[in-house]
Amino acid sequence: MNRPLPAVQLRVPTHEDAIAWHRVFDDPEVMEFYGGRPAALSVYEELTARQRRHDAELGFCLWTMLDGSGEVIGFTGAQPWRPDWGPVGAMEIGWRLGRAHWGKGYVTAAARETLERVRVAGVKEVVAMVRPGNERSIAVTRRLGMEPAETYPHPTLDEQALCFRLRLDNEPRADHAPHADHAPRISHAE
């Protein structure tokens, strides 16, 4: 990215942020790679509550992302990978941004801050799971220096989920080499 990144603030999600996330993400384009339709308010209430627990227990979470004026524009952060498929046991970095704020560098700025915060918290490596075709997110993984690592069969969709990895401690991984059946098939997105 050649232009300066915008100012962005990250905060632990409040109960009220569930309402803001519900409003900001109430857009089929935003939700294209997250089920295709807006989620119920209760989903965001549970998600913000879980993030407050993560922050208390781990020192990081999916933070509410605010622009320079203090408007809620999305979230970014890290949390343990929850599903029982994919990179089980990994720490996942993720983001979601309201449509009105796409293309301005907010996710890259916030994700870079996230990487610094989780590094300080002692996390040695992060993954980003991205659906094929999500070119925006794939571009973010590239800007963060993440490498395509492996693919995983998605349990409910007829596609492979793309996994990108980034070491945060600059030590090579002895325990990970892509296997032939997990060779990356990338067309970057998210």
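Keep in mind that this is a model prediction, so the values were computed, not measured. (Residues numbered from 1 in each chain as written. Predicted model: local features only at pLDDT ≥ 70, side-chain atom pairs only at ≥ 80, totals over all residues. Heavy atoms only, no water.)

(A) Quick peek at the nonpolar core. Formed by 44 residues in total, the largest nonpolar core has its most connected members in Ile 93 and Val 126. Among the elements that line this core, the one with the most residues is helix α3 (residues 106-120), at six residues. Excluding anything up to four places from it in sequence, Ile 93 contacts Gly 77, Ala 78, Ala 111, Thr 114, Leu 115, Val 126, Val 127, Ala 128, Leu 144 and Met 146. If you look at the next biggest cluster of nonpolar residues, it comprises eight residues, including Trp 81, Val 127, Ala 161 and Cys 163. (Core = buried A, V, L, I, M, F, W, Y, C linked by side-chain atoms within 4.5 Å. Buried < 20%, exposed > 50% of the residue type's maximum accessible area, 1.4 Å probe, protein only. Helix = DSSP H or I, 4+ residues; strand = E, 2+ residues; numbered from the N terminus. Contact = heavy atoms within 4.5 Å.)

(B) Structural view of the layout of surface pockets. The computed volume of the largest pocket comes to approximately 970 Å³. What lines the largest pocket is a set of 32 residues, among which Phe 33, Tyr 34, Trp 81, Glu 92 and Arg 96 lie closest to the centre. Breaking the lining of the largest pocket down by element, the ones donating at least two residues are α2 (41-58), β3 (72-80), β4 (91-97) and β5 (125-130). The dominant element in the lining of the largest pocket, judged by the number of residues it contributes, is β4, at five residues. Of the residues belonging to the lining of the largest pocket, the class tally is 20 nonpolar, six polar and six charged. (1 Å grid on protein atoms, 1.4 Å probe; cavity = no way out; pocket = protein on both sides within 12 Å on 5 of 7 lines; lining within 4 Å. Points joined across faces, edges and corners; volume = space filled by probe spheres on them. Nonpolar A, V, L, I, M, F, W, Y, C, P; charged D, E, K, R; others polar.)

(C) Inspection of helix α4 (residues 135-143) at higher detail. For α4, the set of buried residues is Ser 137, Ile 138, Val 140 and Thr 141. When α4 is viewed along its axis, its buried side chains cluster within an angular range of 155 degrees and face the same direction. Considering only its buried residues, α4 is in contact with β4, α3, β5 and β7 (160-167). Two residues or fewer after α4 comes Gly 145, characterised by a positive phi angle close to 85 degrees. (Arc of directions from axis to C-beta.)

(D) How the structure looks around the confidence of the model for the protein. For the protein, the average pLDDT comes to 88, and 88% of its residues sit at 70 or higher. The model gives residues 173-190 a pLDDT under 50, and that stretch makes 53 contacts with residues more than four places away or in other chains. (pLDDT = per-residue confidence, 0-100.)

(E) View of the packing of helix α1 (residues 15-24) against α2. Relative to each other, α1 and α2 sit at 135 degrees, their axes nearing to 8 Å. Regarding the angle of α1 to α2, the classification is oblique. For the pair α1 and α2, the sense of crossing is right-handed. For the pair α1 and α2, contact is made by His 15, Asp 17, Ala 18, Ile 19, Trp 21 and His 22 and by Leu 41, Tyr 44, Glu 45, Leu 47, Thr 48 and Arg 52, respectively. (Axes fitted to C-alpha atoms, helices over the stretch in contact; angles between N-to-C directions. Parallel < 35°, antiparallel > 145°, perpendicular 65-115°, else oblique. Left-handed = near helix turned anticlockwise from the far one by under 90°.)

(F) Structural context of the packing of aromatic side chains. In the structure shown here, the tally under the stated rule is four aromatic pairs. Geometrically, the ring pair formed by Phe 25 and Phe 75 is edge-to-face, given 5.5 Å between the ring centres and 90 degrees between the ring planes. One end of the pair, Phe 25, is in the loop between α1 and α2; the other, Phe 75, is in strand β3, and 50 residues separate them in sequence. For Phe 25, a relative accessible area of 1% translates into the label buried. Ring geometry for Trp 81 against Trp 85: centres 5.4 Å apart, planes inclined by 85 degrees, an arrangement best described as edge-to-face. A relative accessible area of 18% means that Trp 85 is categorised as buried. Within the aromatic cluster, the residues linked to one another by ring pairs are Trp 21, Phe 25, Tyr 44 and Phe 75. Across from the ring centre of Tyr 34, 4.1 Å away, lies the NZ or CZ of Arg 96, which sits over that ring. (Phe/Tyr/Trp six-rings, centres within 6.5 Å; stacked < 30°, edge-to-face > 60°. Lys NZ or Arg CZ within 6 Å of the ring centre and 35° of its normal.)

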